[in-house]
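Chains, contacts and geometry: an overview
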There are 2 protein chains.
Amino acid sequence: MQSRSYPEILADRKQLGPYPMEKLKYVDQPTTKITDNIQRIDEREHGFGQAFLGKFGPFVEKEIARFCEKYPISSAMWEMPPQFKLIADGEVAPNKAPIPQDPELLSRHIKSLGYFLRADIVGICRLPQWAVYSYNLKGNPVECNQKFAIVIVIDQDYETMKGSRGDDWISCSQSFLSYNTSAFIACTMAAYIRRLGYPARAHFEGATRSAYQVVVTPLLLLAGIGEICRAGIVLNPFLGTRFKASVVTTDLPLETDKPVDFGLQEFCQKCMKCAHECPAKAIPFGDKVMYNGYEVWRFDTERCTKYRITNQNGSACGRCIKVCPWNKPEGWTHDIVRWMVKHAPFLDKLIVKVDDIWGYGKQDIRYKWWFDLEDADGVLQIPGKSQD
Amino acid sequence: MQSRSYPEILADRKQLGPYPMEKLKYVDQPTTKITDNIQRIDEREHGFGQAFLGKFGPFVEKEIARFCEKYPISSAMWEMPPQFKLIADGEVAPNKAPIPQDPELLSRHIKSLGYFLRADIVGICRLPQWAVYSYNLKGNPVECNQKFAIVIVIDQDYETMKGSRGDDWISCSQSFLSYNTSAFIACTMAAYIRRLGYPARAHFEGATRSAYQVVVTPLLLLAGIGEICRAGIVLNPFLGTRFKASVVTTDLPLETDKPVDFGLQEFCQKCMKCAHECPAKAIPFGDKVMYNGYEVWRFDTERCTKYRITNQNGSACGRCIKVCPWNKPEGWTHDIVRWMVKHAPFLDKLIVKVDDIWGYGKQDIRYKWWFDLEDADGVLQIPGKSQD
């Protein structure tokens with residue numbers, strides 16, 4: 001009855017998590033060209049950083065102070081990050097656990113732990129120093145020298161996205177569902193690795209609390225979660241951009257994943273649905289350009305940030321996530337479309353057209369389970385309704 | 001483009017969560033007889049309460065102090081409850097939100113929020129005072145006068161259960177996966193309800209921290225999550241007993257669920273697999289008896305508690321969960337068996353036999369992704385291996 005202390009036959013399993021990530025085509029270089037000398041980013045220069053520091057004007061600065069608090073669900077979610085911040089890092093056990101120093105096995109072990117903790121996707125890459133912030137929002141230099149980054153992805157919920165317009169009152173809560181749930185997993189995973197005798201720190205959305213020391217987009221790219229899309233963020237073939245991620249950085253010896261190629265660059269070149277639908281007109285229609293060391297569609301951070309923060313008909317915005325043809329539930333019909341995008345890219349335009357005709361990207365009011373409410377000086381009101 | 005402030009057509013949806021709970025047969029009285037005068041329980045008289053207070057002897061008292069800490073995953077998980085404790089309750093908004101006072105709508109809204117937050121099952125019942133502890137572990141009187149209990153159920157993970165024996169090193173972590181995940185959801189839900197202007201408190205596993213003020217088993221029964229099984233706990237037709245639950249108590253006006261009947265009493269009468277397999281011999285083979293106001297199979301709490309706390313070949317125990325024929329993944333074959341148990345109970349014995357032949361209840365080592373490790377005075381060791 002004594003079971004083995006050692007999961008050596010874990011390698012038998014073809015698919016560790018809910019999505020068949022193992023079946024994707026892995027490539028040596030990301031499908032987005034990256035130059036060799038990317039500069040480290042100052043967190044204060046991020047869209048939200050600039051907004052916090054008043055660089056987008058006083059109205060944006062005033063509105064960002066109630067970014068989560070203006071809607072009662074996202075406001076409730078906002079109680080969580082300060083708690084997680086208390087356990088994001090901690091003491092490392094002085095002795096290393098008697099586990100095999102086999103990076104392949106340890107990666108499969110750590111990914112399985114992530115899936116056990118209910119992550120949707122887990123990927124692993126080396127942590128390049130250019131993906132570490134140079135300074136945080138408070139202007140303090142950031143240091144994070146751990147070798148690996150474990151990326152923990154959580155879906156923002158397909159059904160709720162179906163019921164929403166993408167930029168209505170639930171939008172900020174959709175983001176924080178994924179931020180908080182992935183943070184919850186990251187904190188537990190990091191605490192476990194520290195008990196094995198290796199440093200590990202959880203990085204997650206905590207806004208002014210600076211709980212991210214690392215820039216997530218390049219890590220998603222390097223860890224094989226997806227490709228960079230026209231909207232300037234990473235798109236996963238099974239979730240679209242309908243996710244957020246937290247990260248665990250560590251020195252536990254791990255085997256890394258490689259970037260993926262599922263045909264997105266050619267698809268995004270032709271689709272442009274997000275560019276058409278973006279209420280802030282922040283997503284370009286044109287070709288890719290070199291920007292900050294990446295060859296990408298040149299997304300307008302300022303417009304996007306301002307719109308999300310000052311949206312008066314909702315909280316935040318994820319309309320590009322909502323209308324993207326990759327925003328789909330699981331299902332074999334979508335498996336076929338994914339196969340076509342990869343193997344028959346000449347069909348891309350037709351696929352986008354059929355997607356429109358089928359009604360994808362429209363709001364399905366049967367799935368709207370939440371109330372439209374807005375906090376005005378501590379009192380919840382129905383937005384747009386004149387008050388007594 | 002302005003969407004409605006009011007989810008009035010939510011009632012259209014036939015199934016709100018991942019499991020077809022809405023299709024079960026709901027009955028006015030639980031299938032377990034309950035007398036009218038159940039006494040409130042003192043938390044110190046619970047199995048774990050008695051162990052804490054030294055009533056099961058010094059070895060049990062010593063071992064309970066390292067119940068979670070002896071294995072590095074459950075130990076990492078143990079960092080979470082103190083954080084949640086800080087936000088389990090809080091200030092209630094002084095003004096009530098402008099939402100319809102429609103209990104049916106509000107129940108569907110709250111359940112949909114729970115499913116959005118990734119709960120597996122959400123059920124609602126009135127909170128009877130006999131389900132509130134009289135005193136907590138510290139000997140302080142407990143008061144909880146809120147009208148309703150929202151029960152949030154989280155699966156302990158089928159695949160991990162497949163890879164385990166049920167009482168090996170991952171067992172305690174399986175429990176805390178569900179305790180912590182449901183607590184995370186309960187804290188967010190309670191914080192949301194307080195913002196709507198109604199009191200709400202999250203109740204969850206925090207051991208000596210007394211984060212539960214309510215007894216979970218009767219609430220699971222009244223909220224229609226399942227029936228009481230031979231092992232003395234509530235069994236859900238889709239998850240078996242492979243779950244734990246947190247609770248939100250509140251005065252938000254809600255419509256309650258009713259108890260369910262899916263044929264379990266007759267099934268458990270014949271099956272006895274858990275009684276055969278229980279390593280503590282805590283589960284009886286005989287008939288139901290009246291005990292503490294419930295007509296139940298008379299489970300031996302002391303044996304079960306002692307075994308879980310002092311298990312030297314693993315951490316905790318969930319062998320009854322593992323071997324139960326209801327411990328199954330989703331799938332139409334299992335839907336058929338569920339139908340047979342309900343409509344053709346004369347087949348129960350045959351079903352149990354086929355379940356055995358099919359190999360259910362056995363450990364499938366391909367799913368064992370964790371290491372066997374044991375903390376000995378702060379140093380992780382391979383259990384059962386003589387140390388240098």
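To be clear, the structure that these remarks concern was listed above.
Residues numbered from 1 in each chain as written. Chains lettered and ligands numbered in written order. Predicted model: local features only at pLDDT ≥ 70, side-chain atom pairs only at ≥ 80, totals over all residues. Heavy atoms only, no water.

**With respect to the overall build of chain A**
- From N to C terminus, chain A includes 14 helices and 10 strands.
- In terms of overall dimensions, chain A is globule-like: its C-alpha atoms have a radius of gyration of 21 Å, near the 21 Å expected for 388 residues.
- Taken along its principal axes, the extent of the C-alpha atoms in chain A is 70 × 50 × 50 Å.
- Residues classed as buried in chain A amount to 60% of the 388 residues present.
- Across chain A, the fraction of contacts at a sequence separation of at least 24, relative to all contacts at a separation of at least 6, is 78%.
- Here chain A has roughly 15,600 Å² of accessible surface; of this, 52% comes from carbon and sulfur atoms.
- Side chains of chain A carry 49 positive and 46 negative charges; the gap between the two charge centres is 2 Å. (Helix = DSSP H or I, 4+ residues; strand = E, 2+ residues; numbered from the N terminus. Rg over C-alpha atoms; globule rule 2.2 N^0.38 Å. Buried < 20%, exposed > 50% of the residue type's maximum accessible area, 1.4 Å probe, protein only. Contact = heavy atoms within 4.5 Å. Areas by Shrake-Rupley, 256 points an atom, 1.4 Å probe, with all protein chains shown as cover. Lys, Arg positive; Asp, Glu negative; His and termini not counted. Charge placed at Lys NZ, Arg CZ, Asp CG, Glu CD.)

**Describing the interface of chain A and chain B**
- Taken together, the 73 residues of chain A in the interface contact 72 residues of chain B.
- In total, chain A and chain B occlude about 6,800 Å² of area from one another, counting both sides; carbon and sulfur atoms represent 66% of this.
- Where chain A meets chain B, there are 6 salt bridges.
- The tally of links from chain A across to chain B stands at 9 residue pairs in polar contact (both at pLDDT 80 or more).
- Elements represented by at least two residues in the side of chain A that touches chain B include exactly helix 3 (72-77), helix 4 (80-85), helix 5 (103-116), strand 2 (148-155), helix 6 (158-163), helix 7 (171-195) and strand 10 (379-381) of chain A.
- The element contributing the most residues to the side of chain A that touches chain B is helix 7 of chain A, with 12 residues.
- Within the side of chain A that touches chain B, the residues separate by chemical class into 38 nonpolar, 18 polar and 17 charged. (Buried area = accessible area lost by both parts, 1.4 Å probe. Salt bridge = Lys/Arg side-chain N within 4 Å of Asp/Glu carboxyl O. Polar contact = N/O pair within 3.5 Å; in protein donor to acceptor, adjacent residues only side chain to side chain. Nonpolar A, V, L, I, M, F, W, Y, C, P; charged D, E, K, R; others polar.)

**Here we look at the environment of Val260(B)**
Residue and element names in this part refer to chain B.
- Turning to its location among the elements, Val260 is positioned in the loop between strand 6 (243-250) and helix 9 (264-271).
- Classification of Val260 by relative accessible area gives buried; the value is 1%.
- Linking Val260 and Gln156, residues 104 residues apart in sequence, is a C-alpha distance of 22 Å.
- If sequence neighbours within four positions are ignored, Val260 has contacts with Leu24, Lys25, Tyr26, Val27, Thr31, Gly224, Ile225, Gly226 and Glu227.

**So, the nonpolar core**
- Core analysis: the largest hydrophobic core is formed by 241 residues, its most contacted members being Phe84(A), Ile193(A), Phe84(B) and Ile193(B).
- Setting aside residues no more than four positions away along its own chain, Ile193(B) makes contact with Ile110(B), Ile150(B), Tyr198(B), Pro199(B), Ala200(B), Val248(B), Thr250(B) and Leu252(B). (Core = buried A, V, L, I, M, F, W, Y, C linked by side-chain atoms within 4.5 Å.)

**Overview of the pattern of salt bridges**
- All chains considered together, the criterion is met by 50 salt bridges over all chains.
- With its nearest N and O atoms 2.6 Å apart, the salt bridge here joins Glu277(B) to Arg319(B). One end of the pair, Glu277(B), is in helix 10 (residues 273-277); the other, Arg319(B), is in helix 12 (residues 319-323), and 42 residues separate them in sequence.
- For Arg319(B), a relative accessible area of 10% translates into the label buried.
- Residues joined by salt bridges that share partners form a network here, namely Lys62(A), Glu63(A), Arg66(A) and Glu374(A).

**Structural notes on the packing of aromatic side chains**
- Taken as a whole and judged by the stated rule, the model has 27 aromatic pairs over all chains.
- With a centroid separation of 6.2 Å and 85° between ring planes, the pair formed by Phe84(B) and Phe204(B) is classed as edge-to-face. With Phe84(B) in helix 4 (residues 80-85) and Phe204(B) in the loop between strand 3 (200-203) and helix 8 (216-222), the pair connects residues that are 120 residues apart, well separated along the chain. By the burial criterion, Phe84(B) is buried, and Phe204(B) matches it.
- Taken together, the ring pairs connect Phe84(A), Phe184(A), Phe204(A), Phe84(B), Phe184(B) and Phe204(B) into an aromatic cluster.
- One cation-aromatic arrangement involves Arg298(A) over Tyr291(A); the distance from NZ or CZ to the ring centre is 3.7 Å. (Phe/Tyr/Trp six-rings, centres within 6.5 Å; stacked < 30°, edge-to-face > 60°. Lys NZ or Arg CZ within 6 Å of the ring centre and 35° of its normal.)

**Comments concerning the relation of the copies chain A and chain B**
- The transformation that overlays chain A on chain B combines an axial shift of 0.0 Å with a rotation of 180°, and the residual RMSD is 0.0 Å. Both copies of the chain, as the preceding transformation shows, are related through a two-fold rotation axis. In terms of proximity to the rotation axis, the leading residue of chain A is Gln83(A), whose C-alpha is 2.8 Å off the axis.
- Taken together, the interface assignments show that 99% of the residues at the interface of chain A recur at the interface of chain B, consistent with an identical surface on both copies. (Least-squares fit on C-alpha atoms with pLDDT ≥ 70 in both.)

**Focus: the sheet that holds strand 2 of chain A**
Residues and elements named next belong to chain A.
- Spatially, 4 strands are ordered 1-2-6-3 in an open sheet, and the strand pairing comes out antiparallel. This sheet does not close on itself; its edge strands, each paired only once, are strand 1 (121-126) and strand 3 (200-203). On average, adjacent strands in this sheet sit at an angle of 20° to one another, irrespective of strand direction.
- Here 4 bridges tie strand 3 to strand 6 (residues 243-250), and the two strands are oriented antiparallel to one another. Bridge pairing in strand 6 places Ala200 opposite Thr250.
- Its contacts with the sheet put helix 5 on strand 1 and strand 2, and the angle it makes with strand 1 is roughly 145°.
- Of the strands in this sheet, strand 2, strand 3 and strand 6 are in contact with helix 7, which crosses strand 6 at around 15°. (Pairing = 2+ DSSP bridges. Axes fitted to C-alpha atoms, helices over the stretch in contact; angles between N-to-C directions.)

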